Amino acid sequence: QRAVSNAVFSAQVAVTAQKTMRLLPASGRRATQKVVVGDQDGVVTCFGIKKGEAVPVFKTLPGQKIARLELGGALNTPQEKIFVATGSEVRGFTKRGKQFLSFETNLTESIKAMHISGADLFLCASYIYNHYCDCKDQHYFLSGDKINDVLCLPVDKVNCITPVLACQDRVLRVLQGSDLLYEVEVPGPPTVLALNSGNGGDSGEEIVFGTSDGKLGLIQITGSKPIPKWEIGNEKKRGGILCIDSFDITGDGVKELLIGRDDGVLEIYSFESADDPVLRYDHALSESIASIQGGCVGKDGYDEILASTYSGWLTGLTTEPVHREGGSAEELKLSQEMQSKISSLRNELEHLQIKVLQEREKYQQSSQSSTAVSSVPSFSVNDKFTLNKDDASYSLILEVQTAIDTVLVQSDVPLDLLDVDKNSAVVSFSSCDSEPNSNFLLATYRCQANTTRLELKVRSIEGQYGTLQAYVTPRIQPKTCQVHQYQIKPLSLHQRTHSIDHDRPMNTLTLKGQFSFAEIHSWVVFCLPEVPEKTPAGESITFYFQNTFLGTQLESTYRKGEGCFKSDNISTISILKDVLSKEATKRKINLNISYDVNEESVRHTLKLIHPKLEYQQLLAKKVHLIDALRELQVHEGNVDFLLPKYRSILEEADQLLEEYKKQPAHLERLYGMITDLFIDKFKFKGTNVKTKVPLLLEILDGCDQDGLIAFFESA
């Protein structure tokens, strides 16, 4: 079987969006394929590869950002017409670059996703889906949450038009005309859809999906119900999936799955049996992979995987052997080719360096003249701020089209900055003012040369809400900076879920008043993450959430004039009561607030917290013993005389220290949550128990669950 080796060529365009690069079908039996890519300068570029160099076929003039690029054509013929979505318009080009279509849609927002099947065009803006046939409006659907991708099952196989929408609320929505046929729950927010094997499999009904938290799955979309086939988790904690393709790169007659992730990891999964796919190969690029394709680009007879990255680099990985077996003449020819290529690259680099110096001098002269006008260079930042379910932390990923110099992180709410393994930047902390409404976090990341992607991790405290700001300064002249803001919500550690356990003891908060459906929805958006900003259709809505740190749950149901919130954690109800009251007061709306406290829920929440508390206390004790035990080891020469439990601490010292370092203030957070639970329990009874907190902390140090529950019940 063929092996995949390193890059055979690379080329660059401007910044690219997700799914904007495709390979045109080969014109002859053994001919190589042309690459077509659309960028955020609005330029469509088509080129071939000859002797490792890009040879242009056509290039269009700049325009609006290109959000998607798809290939189309009549059904059962080569799909070689190029369609691009730009703003609210769809344009069509021939493979030679001649524009044959300019279709201005009736969408009020920019197109975010597109799929083409014969004469049928499927377009999605943020929440709206439209189906056109021969550029005539056919069907329309309003989604309950943001649409990330759209696909239609192959009409020639399933004999009907079956569009599938990938929506942010962890659901695939299967449509029939303008109506919802059914919903498919998936394990994370789906970011990309692809037909299995490129044609939907034998039945034409199989869809592969990738999620923003890095999970991958296959579902059969039948006419009446979904049939899940397989699902792969994200055990290695890799990035979210941005692109999927199917191609037989190993030459065994079975198409492999090609996956591109937002942390730059390219993966190949093979189907060695009829069961789940197996990871066969992975390769790390330095930035997110926006598009991925398999085909024959560089040389006849050798297949490649082509990836386009966020900043516009196109890289090919080839099956062509790098070290050929053969005569010395062939080797000499190869080395001569390589030498001439290196020589031409050196000349090009020298020419560019001279040009940069000339332009820099010109800029310095013009900036010092009396008629100088200051111009701020613009640069593109691709950012992602998401809650990780596994460790209840937020990941902030910043990707810049040029090298990053520094990133200053500032927050007006208390946040823990966690360690990230992939992060090579040097971090320094600045002291913060102790005055109210000032900084709680000020940290500067100084990046190494050529770093274009930075990942940070923070953990928030529920009940404390505000703004996290990132000041991004790239290595460009003159110095310029972009500020990006991220909201830390009152219930920031809650994540949307499909269902909850209704058998748990629940506390209930009920609100009544003269407020509209849109107003109460805006309050819920303010309080909780992952709630669509658009007011839901219908008269009422129910959302379910799970606390990623504790595992407690929340059910929120509301309509015009009434809201009902249920949780097994009394602190969640207390935070909602305080924040919703404050929001209603801002709008001068009188609220009638009632609550029903379930005494059993406090005991239940303590039982959920206690194993985590016990583990963290034991970890802290072990870490505090490490230095003393190491000193003993140095003095005594060996540790055979120690008890087995102390010997195991020494053996695991590095792992224990690593874990402790990754979770700073974890124990303090748990102490804080139990203290809040204690105060909130009695707050609903109208009793102030803050004077008893020191006694509670003493009991916590003892780590006795029964004693803790008894203290809560007797206080």
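The model shown is predicted, which means the values in this text are computed figures rather than measured ones.

Participant: Just give me the short version of helix α3 (residues 517-527), but keep the residues and values in it.
Facilitator: An α-helix turns once per 3.6 residues; consequently, residues spaced three or four apart project the same way. Listed as buried for α3 are F517, I520, H521, W523, V524, V525 and C527. Those residues of α3 that are buried lie in contact with β40 (540-547), β41 (553-559), β42 (562-567), α4 (570-586) and β43 (591-596).

Participant: Describe the nonpolar core, and please don't skip the residues or the numbers.
Facilitator: When a protein is soluble and globular, its nonpolar side chains tend to lie buried together. Grouped together as the largest cluster of nonpolar side chains are 78 residues, with contacts concentrated most on V407, L468, F565, I674 and F712. Not counting residues up to four positions away in its chain, the partners in contact with F565 are N507, T508, L509, L511, V524, L554, E555, S556, I573, L576 and L580. The next biggest cluster of nonpolar side chains, apart from the first, holds 16 residues, and it includes V164, L172, V174 and V186.

Participant: Talk me through the sheet that holds strand β31 (residues 404-411); I want residue IDs and the actual numbers.
Facilitator: If you walk across this open sheet you meet the five strands as β33-β34-β31-β36-β37, and the pairing is antiparallel. At either end of the open sheet lies a strand with only one pairing partner, and these are β33 (426-429) and β37 (482-488). Within this sheet the neighbouring strands show an average axis-to-axis angle of 20°, counted without direction. Bridge count between strand β36 (residues 466-474) and β37: seven bridges; the pairing is antiparallel. Bridged to G466 within β37 is I488.

Participant: Could you give an account of the pattern of salt bridges, with specific residues and numbers?
Facilitator: A side chain of one charge can pair with a side chain of the opposite charge if their charged atoms are brought near each other. Enumeration according to the criterion identifies 29 salt bridges in this entry. Close ionic contact of R453 with D262 constitutes a salt bridge, the shortest N to O distance being 3.8 Å. Linking R453 in strand β35 (residues 453-460) with D262 in the loop between β23 (256-261) and β24 (265-270), this pair joins segments that are 191 residues apart in sequence. Each member of the pair, R453 as well as D262, carries the same accessibility label: buried. Ionic pairing is found between D405 and K479, a salt bridge with its closest N-O pair at 3.1 Å. Of this pair, D405 sits in strand β31 while K479 sits in the loop between β36 and β37, and the two are 74 residues apart along the sequence. Each of D145, D169, R173, E183 and R496 takes part in a single network of salt bridges with overlapping partners.

Participant: For the packing of helix α6 (residues 644-651) against helix α7 (residues 653-662), give the residues involved together with the corresponding values.
Facilitator: Where α6 contacts α7, the axes come no closer than 4 Å and their chain directions differ by 70°. With respect to their mutual orientation, α6 and α7 come out roughly perpendicular. The segment α6 lies against α7, with I649, L650 and E651 engaging A653, Q655 and L656.

Participant: Summarise the domain arrangement of the protein; cite the residues concerned and give the values.
Facilitator: Considered domain by domain, the protein is made up of domain 1 (17-239), domain 2 (381-479), domain 3 (494-597) and domain 4 (601-714). Computed from C-alpha atoms alone, the centre-to-centre distance between domain 2 and domain 4 is 29 Å. If you look at the interface, domain 2 gives eight residues, while domain 4 gives eight residues. It is D416, D419 and R459 that lose the most area in domain 2 upon contact with domain 4, and together they represent 56% of the buried surface on that side. With a closest N to O distance of 2.7 Å, R669 and D416 form a salt bridge. Linking domain 2 with domain 4 are one residue pair in polar contact (both at pLDDT 80 or more). Considering every element that reaches the side of domain 2 that touches domain 4, the biggest residue donor is strand β32 (residues 415-418), with three residues. Tallied by class, the residues present in the side of domain 2 that touches domain 4 amount to three nonpolar, no polar and five charged.

Participant: Got a sec to walk through the pairing of strand β21 (residues 226-232)? Specific residues and values, please.
Facilitator: Successive residues of a regular strand alternate their side chains across the two faces of the sheet. Where strand β20 (residues 216-221) meets β21, six bridges bridge the pair, whose relative direction is antiparallel. The residue of β21 that forms the bridge with Q220 is I227. Hairpin connection, β20 to β21: the antiparallel pair is bridged by four residues.

Participant: Tell me about the sheet that holds strand β17 (residues 179-185), and please be specific about residues and values.
Facilitator: Within the open sheet, the four strands sit side by side as β14-β15-β16-β17. Their pairing is antiparallel. Strand pairing shows two members of the sheet lacking a second neighbour, β14 (147-152) and β17, which therefore form its edges. On average, adjacent strands in this sheet sit at an angle of 25° to one another, irrespective of strand direction. The sheet contact formed by β14 and strand β15 (residues 163-167) spans five bridges and is antiparallel.

Participant: Now, about the layout of surface pockets: what can you tell me, with residues and values included?
Facilitator: Considering only enclosed or pocket space, the second largest pocket measures out at about 1300 Å³ in volume. Lining the second largest pocket are 47 residues, with R22, Q79, L195, G198 and N199 positioned closest to its centre. Taken together, the elements giving at least two residues each to the lining of the second largest pocket come down to β2 (21-23), β6 (66-72), β10 (113-117), β14, α1 (155-158), β18 (190-195), β22 (241-247) and β26 (289-299). Here the residues of the lining of the second largest pocket sort into 25 nonpolar, 15 polar and seven charged.

Participant: Account for helix α8 (residues 666-683), with residues named and values stated.
Facilitator: Taking 1.5 Å per residue as the helical rise, α8 with its 18 residues ought to reach 26 Å, and the 25 Å between its terminal C-alpha atoms agrees with that figure. Along α8, 14 of the 18 residues are buried, which leaves the element largely enclosed by surrounding structure.

Participant: Could you give an account of the state of the cysteines, with specific residues and numbers?
Facilitator: Taken as a whole and assessed by the stated rule, the structure comprises zero disulfides. Take C124: it sits in no disulfide, and the sulfur closest to it among the cysteines is that of C167, at 8.0 Å. Under the relative-accessibility criterion, C124 is labelled buried at 0%. The thiol sulfur of C296 is not disulfide-bonded, and the nearest other cysteine sulfur, from C46, lies at 15 Å.

Participant: Could you give me a rundown of the environment of D383, with the residues and numbers involved?
Facilitator: As for its placement among the helices and strands, D383 is situated in strand β29 (residues 381-388). The contact partners of D383, leaving out residues within four places of it in the chain, are I397, L398, H484 and Y486. Here the side chain of D383 touches H484 through a polar contact of 3.4 Å, side chain to side chain. At 2.7 Å, the side chain of D383 forms a polar contact with the side chain of Y486.

Participant: Can you tell me about the packing of helix α5 (residues 599-636) against α6, naming the residues and giving the values?
Facilitator: Their axes nearest at 9 Å, the elements α5 and α6 cross at an angle of 95°. It follows that α5 is roughly perpendicular to α6 by the angle criterion. Along its contact with α5, which presents K622, L625, I626, L629, R630 and Q633, the element α6 presents Y646, I649 and L650. Partitioned by chemical class, the residues of the contact of α5 with α6 number six nonpolar, one polar and two charged.

Participant: Give me the lowdown on the environment of Q495, citing residues and values where you can.
Facilitator: Here Q495 shows up in strand β38 (residues 494-497). When its relative accessible area of 7% is taken as the criterion, Q495 is described as buried. Considered as a pair, Q495 and P529 are 34 residues apart in the sequence and their alpha carbons are 6.7 Å apart. In this structure, Q495 is in contact with R170, L387, K389, E530, Y544, F545, Q546 and T548, ignoring residues within four places of it in sequence. Polar side-chain contacts of Q495 include one of 3.3 Å to the backbone oxygen of L387.

Rules and cut-offs
- Residues numbered from 1 in each chain as written.
- Predicted model: local features only at pLDDT ≥ 70, side-chain atom pairs only at ≥ 80, totals over all residues.
- Heavy atoms only, no water.
- Buried < 20%, exposed > 50% of the residue type's maximum accessible area, 1.4 Å probe, protein only.
- Helix = DSSP H or I, 4+ residues; strand = E, 2+ residues; numbered from the N terminus.
- Contact = heavy atoms within 4.5 Å.
- Core = buried A, V, L, I, M, F, W, Y, C linked by side-chain atoms within 4.5 Å.
- Pairing = 2+ DSSP bridges.
- Axes fitted to C-alpha atoms, helices over the stretch in contact; angles between N-to-C directions.
- Salt bridge = Lys/Arg side-chain N within 4 Å of Asp/Glu carboxyl O.
- Parallel < 35°, antiparallel > 145°, perpendicular 65-115°, else oblique.
- Domains from an automatic or database assignment.
- Buried area = accessible area lost by both parts, 1.4 Å probe.
- Polar contact = N/O pair within 3.5 Å; in protein donor to acceptor, adjacent residues only side chain to side chain.
- Nonpolar A, V, L, I, M, F, W, Y, C, P; charged D, E, K, R; others polar.
- 1 Å grid on protein atoms, 1.4 Å probe; cavity = no way out; pocket = protein on both sides within 12 Å on 5 of 7 lines; lining within 4 Å.
- Points joined across faces, edges and corners; volume = space filled by probe spheres on them.
- Expected span 1.5 Å × (residues − 1).
- Disulfide = S-S within 2.5 Å.

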